[in-house]
Amino acid sequence: MSKGKYKWIGTRPDRPDGADKVTGRARFGADFNMPGQLVGKVLRSPHAHAVIKSIDASAALALPGVKAVVSAVDFPDQPNLIVPTGEMQVNLRDITRNVMAREKALYEGHPVAAVAATTEAVAKAALDLIKVEYEVLPHVIDVADAMKEDAPILHDHLITEGVKPAPTKPSNIAKRIDNLKGDIEAGFKQAEIVVERHYTTQAVHQGYIEPHATLASAAEDGQIQLWSTTQGHFQVRGFCSRLLNIETSQIRVTPTEIGGGFGGKTVVYLEPIAVRLSQKSGKPVKMVMSRDEVFRASGPAPGGTVHVKIGAKRDGTIVAAECTIALQAGAFPGSPVGPACWTSFACYDIPNIKVVGYDVVSNRPKVAAYRAPGAPISAWGVESTVDILAQELRMDPIDLRLKNAAKKGTKTSYGPTFDTIGFVETLEAAKASEHYKSKPRAGMSRGVAAGFWFNVGADSSAAAHVAEDGTVTIISGNPDIGGSRASLALMAAEELGVDYSKVRPVIADTSSIGFNFVTGGSRVTFATGLAVVNSVRDMIRELKVRAAKTWGVDPDGVIWEDGCAKPAGSNVGEFEPLSLAQLAATAGRTGGPINGHAQLNAQGAGPGFGVHIVDLAVDRDTGIVTVDRYTAAQDVGTAIHPSYVEGQLQGGAVQGVGWALNEEYIYGSKGRLDNAGFLDYRMPVASDLPMIETILVEVPNPHHPYGVRGVGEVPIVPPLAAVGNAVARSTGIRLTDLPLSPPRLSAAIDAATPRMAAE
Amino acid sequence: MNDIRYSAPHTIDEAVGALLAAKGTGRILAGGTDLLVQMKAGMALPGAIIDVKNIVEMSAIEDKGGGAFRVGAAVSGARIGEHAALKKAWPGVVEAINLIGSKQIQGRASPGGNLCNASPAADSVPALIAAGAIVAVHGPNGRREVAVEKIQIGPGKTSLQPGEIVVSFSLPARPAGSSDAYLRLIPRTEMDIAVVGCGVSLTMKDGVCTAARVGLGAVAPTVMLVEAAGAALVGSKLDAEALEKAAAACRAVCKPINDKRGTIVYRTKIAGVLLKRVAAIAAERAGGR
């Protein structure tokens, strides 16, 4: 840890929001209410693909208690314009159609209309009274099927981007991406061994415990207030402004506490509908999704196919690597195929790389970001293939990765050259761990895999206020999804030289602080942390001015040390240090309130690397996998609050294990989701896993005053292949299709050992 | 939008009366862990809810000696799990009931509810069938007793007549050297529904199995008594050959479906795998082979 170097950074105080959360006092999305509010409910398409021929809401509107009904006609059409949202991008033309289906319903669960009524029961009854005439069309669910020549076409205007010459016919392939480095053919010619496999993964949901919820109040004078459980209230404001043609400053969005997001709460579903219903009814409108709606209509992460080919020398040096990735975008273009491609070989220093990606639409809900969007899918293919290479070369899997590891100066296939990174240090830490040095317990087999994520910076604003008694408020504008309030307060306390308990971090609404990009991309502790540090520095600058005024000296003659203003040297004069409390007490006489502000576009986010080790057993009779031991090692830059950094590593590992073993979207023949609930969408439960051990490797990011790197996303990248590699080493069978669920694993074992199947 | 009439009678006859009066729209509430979930999901819209937890007979465990017990249909899983004598005599029945849901659910869920919900995957039912439990049913025409395997007749369907309520389960006395066990296969370790569930109750004498009953769940529209599997074990020392014969009998009666929880091939295979494992545990508990 960084303890010793710092007073507060690297310590583990209670989080500022902790007590409220464990006592139930914290207010989440569904906990906000207003007098006279109505209940909003969405009518959703039962069809995977259908033309909406007509919508007749007259019977619903005639039902007593129904105050408003909206459908696509209540939302202005939008231009074909791409805007960023979190780590993903959305097209305004598409997002208005995702919020409310326009010409066609494109997936089961696609909103078609919505009502606001006095009670939930009336609202539900009203949905049944809305008559929608559909013309059901053939649908396509699978990515490989959607790419076929004769597949049902979702969008007649969709011409594949990134292909020259441009195709003349529409298809479901929205985009092709090409990344090239070196000479791939020449590279494979040098190879003494080539490993090639084809992998698939299924769509998985972010699985946040709290369903989407919002409360909208549109006043007669045009002002809008919104409460929303979101990772980005500024994005909620922006989308509502664009989609509803309302001036941005007329909308004030307050973020509620958030019960998990993982990327899935960076887009809007309910908010524009709730605002429109509120405008039409003249009453506040509250909307809360059911779990069923969350699964059917809010962003899963894509499934896809990954074809990987790696060529190496006998000594393990990788000389050429190629992969082709096709990802589900859902009903509208915009899968994370870009990051899937760019991260694919980012762990390795390979001279010749070719990566091709396809963004493919099909009749599924539009995908949303999920922790390192796209990266776990390409890593499943690449890290499994690297493991096969290690087996064929009879090399230790960590040694093989060390031999090829990316370092400072390595040029990536997607352009940038790495600055200071910690992949080698992380591999070495994993290799030196007690876990890796000890043999797996009897019956257990071990798997290893690595992972990479860029981490991002982007726009942040922050303010620091000194209260009358000298305590400090830190104001920022990013919903806290992973302990960021604690991290921001620690950095502010460190910078200011005061006790952590004297610093109170708050998250302001969109009208009370400058713009902040979403909480996503592992950016908040890095970028908003930088803004907080800068705002505190701005405040310290002002504090020094006030001390100088008090002493009648030049501000340059004042330094800030241990929470006090002090004379810079004896030539300035003999003065007792002035504490924050003393400066606050006299602020009225020295120039008024003492505040600091900062706004920035943070550059230089430090990439992160992780190495995971898992020991597990496969029950050969049942195909059930039991995880015995799991260690996640990661370069975390500087662990500002180590407990919450460890929590990120543990949470990401657990979600990755779920992705590997049981989680999947299962569709019936009519294109309807068959497992829209936590019973049959099997995320791991606590008893499924051992305590996840963590190793925090600290290679500081040179572009942050405290060396922060984002840590939240890397840990979901390695687990899929780490589990798969351990299963392969346990069973002797290399499975390439996720999830490794008991029926699938059992069938593979039986197919490989016919004698057992006959038993 | 519809009104629900709620009552919590203190006698079984009052409960039967209330159920009859609801003219087919009444539902019995014990723990409510199935009923309330179904209501919330819009799958059940009862006109009347009859809460039976105030009926003493339905909420009591009675030790009748010699391994015989009467367990009220509305007794919670948690109370059953805490009953030391019952747990000692019928560890398989108790572990099956205790597998239903989470710790919180265990505080409410009852074996009567688990049976009458009539899910083929109900965890307690294979163990109760293996145990040879007899169900006391009270209705407009008084009381009748029926073997537990006769209650479920299809998914969500029971043989109960209008106004009839399951009151209690009677577990029979049996000789020394007897025990039971239940195992289910789920992809996770808890909070899940059986892909296959198997209960075995048996008696061992001098290393030989002298009596055995097998209950098998989640592989057909109802939980089944697999008589051929029990018969294959009786007279054997539970050697590999006898176990395989019993496993084959289990596989033979499987009529599962392919669904999100498992394939036909997988469920059929697992029925045999579980039989072998469960029989071994039951025999171990009975004092070894």
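Residues numbered from 1 in each chain as written. Chains lettered and ligands numbered in written order. Predicted model: local features only at pLDDT ≥ 70, side-chain atom pairs only at ≥ 80, totals over all residues. Heavy atoms only, no water.

**Q** Before we move on, can you summarise the pattern of salt bridges with the specific residues and values?
**A** All names here are of chain A. Per the counting criterion, the structure on display carries 57 salt bridges over all chains. Between Glu-646 and Arg-12 there is a salt bridge, and its shortest N-O distance comes to 2.9 Å. Pair noted here: Glu-646 is in helix α19 (residues 642-661) and Arg-12 is in the segment before α1 (18-23), with a separation of 634 residues, a long-range link. Note on Arg-12: relative accessible area 42%, which makes it partly exposed. The residue Arg-441 makes a salt bridge to Asp-628 at a minimum N-O spacing of 2.5 Å. Taken as a pair, Arg-441 in the loop between α14 (434-437) and β20 (445-453) and Asp-628 in strand β29 (residues 625-635) lie far apart in primary sequence, 187 residues in all. (Salt bridge = Lys/Arg side-chain N within 4 Å of Asp/Glu carboxyl O. Helix = DSSP H or I, 4+ residues; strand = E, 2+ residues; numbered from the N terminus. Buried < 20%, exposed > 50% of the residue type's maximum accessible area, 1.4 Å probe, protein only.)

**Q** Describe the interface of chain A and chain B, and please don't skip the residues or the numbers.
**A** Facing the 26 residues of chain A at the interface are 21 residues of chain B. Taking both sides of the interface into account, the surface hidden between chain A and chain B amounts to around 2,100 Å²; carbon and sulfur atoms contribute 53%. One salt bridge in this structure joins A:Arg682 and B:Asp192, with 2.6 Å as the shortest N-O distance. On inspection of chain A and its partner chain B, the count reaches 15 residue pairs in polar contact (both at pLDDT 80 or more). Elements that contribute at least two residues to the side of chain A that touches chain B include exactly α4 (120-129) and α21 (742-752) of chain A. Partitioning the side of chain A that touches chain B into residue classes produces 12 nonpolar, five polar and nine charged. (Contact = heavy atoms within 4.5 Å. Buried area = accessible area lost by both parts, 1.4 Å probe. Polar contact = N/O pair within 3.5 Å; in protein donor to acceptor, adjacent residues only side chain to side chain. Nonpolar A, V, L, I, M, F, W, Y, C, P; charged D, E, K, R; others polar.)

**Q** Describe in detail the domain arrangement of chain B, supporting the description with residues and values.
**A** Residue and element names in this part refer to chain B. Here chain B is partitioned into domain 1 (5-50), domain 2 (57-171) and domain 3 (178-285). Counting residues at the interface gives 26 residues for domain 2 and 26 residues for domain 3. Summed over both partners, the interface of domain 2 with domain 3 buries about 1,900 Å², with 58% contributed by carbon and sulfur atoms. A salt bridge links Asp-123 to Arg-184; its shortest N-O distance comes to 2.7 Å. Scanning the region where domain 2 abuts domain 3 turns up 12 residue pairs in polar contact (both at pLDDT 80 or more). Elements with a contribution of two residues or more to the side of domain 2 that touches domain 3: α5 (91-98), α8 (124-131) and β8 (152-154). In terms of residue count, the dominant contributor to the side of domain 2 that touches domain 3 is α8 (six residues). Partitioning the side of domain 2 that touches domain 3 into residue classes produces 16 nonpolar, seven polar and three charged. (Domains from an automatic or database assignment.)

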